[in-house]
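Structural overview
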Amino acid sequence: MEYPMQELDAGDETEFLLGNSINHDMETYTVTIKNRRTKKRNIFRLLCSCWCSLWRRCCGPRELRPRTIHLGKPTYGQYPANAIRNQKYNIITFLPLVLFQQFKFFLNLYFLIMATSQFVPDIRIGYLYTYWGPLCFVLFVTICREAIDDWRRHKRDQEVNSQKCKRLIPTDANYETVAASKLKVGDLIIVDKDERVPADLVLLRTSDRSGSVFVRTDQLDGETDWKLRLAVPTTQKLAHDKDLFNVSATIYAEKPQKDIHSFIGTFTRHDASNADESLDLRNTLWSNCIIASGQALGVVIYTGPETRSVMNNSQPRSKVGLLDMELNTLTKLLFVAVVGLAILMMVLKGFGGPWYRYMFRFILLFSYIIPISLRVNLDMGKSYYSWSISRDPAMKGTTVRCTTIPEELGRISYLLSDKTGTLTQNSMVLKKLHLGFTCYTQDGFSDLSAVLKLAFSANGIELKPSCSKFRRSDNTRIVDAVQALALCHNVTPVYDSSENSETNSITSEAEADQHLQAPSPSEDPVSYQASSPDEVALVQWTQEVGLILSRRDLHSMQLKAANDRMYNYTILQVFPFTSETKRMGIIVKDLQSGEIIFYLKGADVVMSSIVQYTDWLDEEVGNMAREGLRTLVVARKILTEEQYTDFENRYKAATMCVTDRAARLAQVVESLERDMELLCVTGVEDKLQDHVRPTLEVLRNAGIKIWMLTGDKLETATCIAKSSRLVSKTQSLHVLKRVLTRTDAHLELNNFRRRTDCALVISGESLEVCLSYYEPEFMELACAAPAVVCCRCSPTQKAQVVQLIQKYTGKRTAAVGDGGNDVSMIQQADAGIGVEGKEGRQASLAGDFSIPQFSHLARLLLVHGRRSYERSASLALFVIHRGLIISIMQAVFSSVFYLSSVALYQGFLMVGYATVYTMFPVFSLVLDQDVDAETALTYPELYKELAKGRSLSFKTFFIWVLISIYQGGVIMYGALLLFEDEFIHIVAISFSSLILTELIMVALNIRTWHRLMILAEVFSFALYVLSLIILHDYFDSEFIRTNDFLWKVLVITLISCLPLYILKILRKKFSPPSYSKLS
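The shown structure was predicted, so the numbers you read here are calculated from the model rather than taken from an experiment. (Residues numbered from 1 in each chain as written. Predicted model: local features only at pLDDT ≥ 70, side-chain atom pairs only at ≥ 80, totals over all residues. Heavy atoms only, no water.)

A closer look at the overall build of the chain
Along the backbone of the chain there are 33 helices and 33 strands. Within the chain, buried positions represent 51% of all 1079 residues. Taking the intrachain contacts of the chain between residues at least 6 apart in sequence as the baseline, contacts between residues at least 24 apart amount to 73%. As presented, the chain carries roughly 50800 Å² of accessible surface, and 56% of it is formed by carbon and sulfur atoms. (Helix = DSSP H or I, 4+ residues; strand = E, 2+ residues; numbered from the N terminus. Buried < 20%, exposed > 50% of the residue type's maximum accessible area, 1.4 Å probe, protein only. Contact = heavy atoms within 4.5 Å. Areas by Shrake-Rupley, 256 points an atom, 1.4 Å probe, with all protein chains shown as cover.)

Here we look at helix 9 (residues 322-349)
With 28 residues, helix 9 ought to run about 40 Å at 1.5 Å a step, and its terminal C-alpha atoms sit 41 Å apart, in line with that. Within helix 9, the full set of buried residues consists of Leu322, Leu323, Glu326, Leu327, Leu330, Thr331, Leu334, Val338, Leu341, Ala342, Met345 and Met346. Residues of helix 9 that are buried in the fold lie against helix 4 (106-117), helix 10 (355-365), helix 11 (373-390), strand 31 (812-817), helix 26 (856-896) and helix 30 (954-978). One or two steps after helix 9, the chain reaches Gly350, where phi turns positive at roughly 100°. (Expected span 1.5 Å × (residues − 1).)

Considering the packing of aromatic side chains
A complete count under the given rule lists 29 aromatic pairs for this structure. Pairing Phe957 with Phe958 gives two aromatic rings, centres 5.2 Å apart and planes at 65°, and the pair type is edge-to-face. Across the ring face of Tyr358, the terminal group of Lys349 is positioned such that the distance to the ring centre comes to 5.0 Å. (Phe/Tyr/Trp six-rings, centres within 6.5 Å; stacked < 30°, edge-to-face > 60°. Lys NZ or Arg CZ within 6 Å of the ring centre and 35° of its normal.)

As for the pattern of salt bridges
Taken as a whole and judged by the stated rule, the model has 32 salt bridges. Across the pair Arg411 and Glu326 runs a salt bridge whose closest N-O atoms are separated by 3.2 Å. With Arg411 in the loop between strand 14 (399-400) and strand 15 (412-417) and Glu326 in helix 9, this pair connects stretches of sequence that are 85 residues apart. One exposure class covers both Arg411 and Glu326, and it is buried. A salt bridge links Glu408 to Arg812; the shortest N-O distance between them is 2.7 Å. On the criterion of sequence distance, the pair formed by Glu408 in the loop between strand 14 and strand 15 and Arg812 in strand 31 is long-range, its members being 404 residues apart. According to the relative accessible area criterion, Glu408 is buried, its value standing at 1%. (Salt bridge = Lys/Arg side-chain N within 4 Å of Asp/Glu carboxyl O.)

Some words on unusual backbone geometry
If you check the backbone angles, His691 has positive phi at about 60° while not being a glycine. Within the element layout of this structure, His691 appears in the loop between strand 26 (677-688) and helix 19 (692-701).

Things to note about the nonpolar core
Within soluble globular proteins, side chains that are nonpolar generally end up buried alongside one another. Within the largest apolar cluster, 98 residues are counted, with the highest numbers of intra-cluster contacts made by Leu327, Phe366, Ile833, Leu857, Leu860 and Leu861. Sorting elements by how many residues they give to this core places helix 26 first, with 14 residues. Leave out the neighbours within four places in its chain, and Leu327 touches Leu374, Leu378, Ala876, Ile880 and Leu952. Core analysis: the next-biggest nonpolar cluster, separate from the first, contains 48 residues, Ala481, Trp541, Leu549 and Ile571 among them. (Core = buried A, V, L, I, M, F, W, Y, C linked by side-chain atoms within 4.5 Å.)

Thoughts on the sheet that holds strand 11 (residues 284-285)
Taken in spatial order, the six strands make up an open sheet running 3-2-4-13-5-11, and their pairing is antiparallel. Each of the sheet's edge strands pairs with one partner strand only, and the pair in question is strand 3 (175-179) and strand 11. Looking at chain direction, strand 2 (residues 164-168) and strand 3 are connected through five bridges and run antiparallel. From the neighbouring strand, Leu168 faces strand 3, where its bridge partner is Tyr175. (Pairing = 2+ DSSP bridges.)

Details of the sheet that holds strand 6 (residues 212-216)
Reading across from one edge, 7-6-12 is the order of the three strands in this open sheet, with antiparallel pairing throughout. The sheet terminates laterally at strand 7 (226-230) and strand 12 (290-291), the two strands that pair on one side only. Relative to strand 12, strand 6 is paired through two bridges, and the arrangement is antiparallel. Bridge pairing in strand 12 links Arg216 to Ile290.

Topic: the environment of Thr716
Structurally, Thr716 is set in helix 20 (residues 714-723). Exposure remark for Thr716: the relative accessible area of 0% places this residue in the buried category. Along the sequence, Thr716 and Arg630 sit 86 residues apart, while their C-alpha atoms lie 6.9 Å from each other.

Digging into the confidence of the model for the chain
Across the chain, pLDDT averages 83, with 87% of residues at or above 70. Considering only residues more than four positions removed or in separate chains, one finds that residues 460-472, a stretch of pLDDT under 50, has 20 contacts. pLDDT under 50 marks residues 497-522. Its contacts with residues more than four places away, or in other chains, come to 41 contacts. (pLDDT = per-residue confidence, 0-100.)

Considering the packing of helix 30 against helix 33 (residues 1043-1070)
What describes two packed helices is the angle between their axes and the distance between those same axes. One way to put it is that helix 30 packs onto helix 33 with a least axis distance of 10 Å and a crossing angle of 160°. In terms of orientation, helix 30 lies roughly antiparallel with respect to helix 33. Judged by the twist between their axes, the crossing of helix 30 over helix 33 is right-handed. Contacts from Ile963, Tyr966, Gln967, Val970, Ile971, Gly974, Ala975 and Leu978 in helix 30 reach Trp1047, Lys1048, Ile1052, Ile1055, Ser1056, Cys1057, Pro1059 and Leu1060 in helix 33. Looking at the contact of helix 30 with helix 33, its residues break down into twelve nonpolar, three polar and one charged. (Axes fitted to C-alpha atoms, helices over the stretch in contact; angles between N-to-C directions. Parallel < 35°, antiparallel > 145°, perpendicular 65-115°, else oblique. Left-handed = near helix turned anticlockwise from the far one by under 90°. Nonpolar A, V, L, I, M, F, W, Y, C, P; charged D, E, K, R; others polar.)

What about a positive patch on the surface?
On the surface, Lys944, Lys948, Arg950, Lys955 and Arg1067 cluster together into a patch of positive charge. Tracing the backbone shows Lys944 in the loop between helix 29 (933-938) and helix 30. Judged by its relative accessible area of 43%, Lys944 falls in the partly exposed class. (Patch = residues over 30% accessible without salt bridge, like charges linked within 9 Å, V, L, I, M, F, W, Y side chains within 5 Å. Lys, Arg positive; Asp, Glu negative; His and termini not counted. Charge placed at Lys NZ, Arg CZ, Asp CG, Glu CD.)

So, helix 3 (residues 94-103)
Here helix 3 has its buried residues at Phe94, Val98, Gln102 and Phe103. Around the axis of helix 3, the buried residues are gathered within 140° of arc, so they sit on the same side. (Arc of directions from axis to C-beta.)

Some remarks on the side chain of Asp187
Mapped onto the elements, Asp187 comes out in the loop between strand 3 and strand 4 (188-191). By relative accessible area, which is 16% here, Asp187 ends up buried. Discounting chain neighbours no more than four positions away, the residues touching Asp187 are Arg167, Lys182, Gly298, Val299 and Val300.

Thoughts on the state of the cysteines
Summed over the entire model, instances satisfying the criterion amount to zero disulfides. Free of any disulfide, Cys488 has its nearest neighbouring cysteine sulfur in Cys680, separated by 9.9 Å. Residue classification places Cys488 among the buried positions, given a relative accessible area of 1%. Here Cys793 is not disulfide-linked; the sulfur of Cys790 is the nearest cysteine sulfur, at 4.7 Å. (Disulfide = S-S within 2.5 Å.)

Here is the structure:
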């Protein structure tokens, strides 16, 4: 409805505005307009809601849901495809995303703007390729690198996705072969020995009749030991695999989780048996595990991005080196210099006419101050450093997984190290056994063996006092302790089959088959598989003293005494070790006596409250810990049939709970852990790695402060700190007492503040309290200490400590470890170093660098770190100098020729200057070195200077700026003074002097010559001489043959370089660098 205001005169308008009827029409009109606006808003909201819903459905995070799977029948639901995709791009997104990543950087964006401006005729300076050529070359190298990397990822994904799998089908063919990417939730698949599990499965059947199968999980959790997995008992009892299609059963699985150490599910059978069975981690096969023995059949429960392995593939933080950040700051300074120089030219020229056009042309002319080749040279240099680290014969097995931060190795101020497996070998040997009445060492183990021979005689455990020098009670306690060590574990004996000795392959007998024929150790050598090297060490020790673990399966265990007599036990329950409980238990039934025995072993922290009180436990545990031994407290409890039956009923009820299952199970088990009989305390030694002491001493002399972060107890960590020379002989240790309150923290920190030259020892519990109340004060004291030992640290605390050091000191940190619990620390540090150890390869794969042993760390930091940083700093400054000097010449040229915005060098000369003529000599600086490897390791004090960052600082930067101004001014003014006839002669004289100056400056800055450096210098000079002959458009061929050209170029070059050479000699004589004093 239109409002006809224009048809009224002034009087009618007044009457119209005041009229009642017109007011009613006005209200109607307003309501109509509001209704229309409301409809539009509703339609807009509806469209937005639909679009957001579509976006969430297609691109948003997928909703994770629990599922119920009907066995042998299709499972309906929207589940992701079982395809692994690690590619960063696809055909459509590749170019846009790569270009976006590149032009995110100020340097590349700046040159893109400069190159694009050349399409505007009014501000065009020269040929398009003089700007687009270098930019396109940089982008081409980057695009090719990204394309190759993404193609490799695609090939790896394709290889995994195309893995052939056997899918069970209800036909005579039994199974069909399909690609792993075609698997769906609910499919029944067969996995053979040494095959990768293609998806997350619930294990239904195995080739072993007990339903057990071993898997290797090193690609999932980094642990190299074999894990035991169990089939669902109901499906294992079926006669044939095809019977799975005839069973009416469902499997409930919780929603997909990241936690690879837990699973909650239920197997329900709806037909004859109509029974529920609880499912836990032991009934699963996670994707990327390898079947180590036998054959497994399982049902797919999670696929693709919902599998445990994919959900745990979090991308580590993108690490940017300190050198790159410093260069980014210098690049911004250079940009300010470009703009400032352009403004200066405009002030001298005057702001008349289209001044903004002239100013932009000046910015274009001076744009070479910011060298676009800087990133390319540094990236190629880093690739070379990484290659040289990997190829170092003194560090065989070293791998560089992150090629962007090798310079960080040269500026480390804090090294944070794990203890077990990093400083120590993670090779365990039982050194002490304390039984309460006496302590046995390695010298006394033969006496124990003699007691056991007598005890396990044909007459049984009855001992004759007259036949032994020990009292009867002591002998009985010895037998009980050794029996406990031989029974309380999760160790499985694996025999090397002599039948396969010709092919050098090892056949692992499945647990349930070993009872058919238990090979004698004399016939086939036995090896032990367990999740903990401590347990293996204890079982190996019982074998040495005469009680051998001969066989073990899911439900039974057999021990063999020295007289070849077999002792059989039934395994009733097993309670595995966890980091939360810090203990491991087992309930067995002695088939000889009929006794039911509950054995428990664990850390003294938890066991001291479980065992009956004794006055020697704490003292002996402390003594062993001070000797650097890992202690375990072993206890037992004899149960009656009624006690065990009651416990079993409560335990089964807890296993059927879908919610809070773990807490309910722990509560039931804890009801047994009361008033247990203390049997013994074991002391296991973890040997130091080779050359740990000299390596730590060298690093300490290099000015690197070393922090040891470990989950071990305080006494053991303190002992290892002393034995490994983490703390020097002249320094003392200050152990921070247990801190529980803010007052405690205040008092303890004040006590430590009064100590001088003293290393700090603190527990994880006390650390948490100190950080919660006095974080800045604690970090100030700790960072000032020569060394710090943090014991009982969780993986999260390790990463937190690294983060706090970075926050409060601003120094560069390196973290080294070998286990999965070190990954968070390694990823948080500026340089993460993984050691390939017995705990697996998870830390090695997560690290930026991987070394086979800790002793290689000194060479990695002091030699390769030094070279990488010094070379990159020298290369960066020279590339900046190369751009500055030609821009200074352009400024002089413009100021002399009436402030004209005309390029001094046109076309190929500008492109060839930074590529053809000077690229090889400048890049050859990556081969330079100030000291050799032997000197760097012999005099580690040289490393201290690198942490100060003097090789690339504002001081060195401005020195090179002054050098560039001097040389650029000398060359340009010299060419202007000495030229006579034509402008082209200025170009020939100045450009020739410029190239010679650059070649000579490279030679002056080289400290150790390499044959490739000489070749680069000669080759570049020859190329330029050839260009003088060929490029007639840029050089006067007749003039360059004259003596005038030759002497003018030589004089200008001499004036530009000779003073710098003299200054270099004077500095070397009166203020030599520290490394030159050693040569």
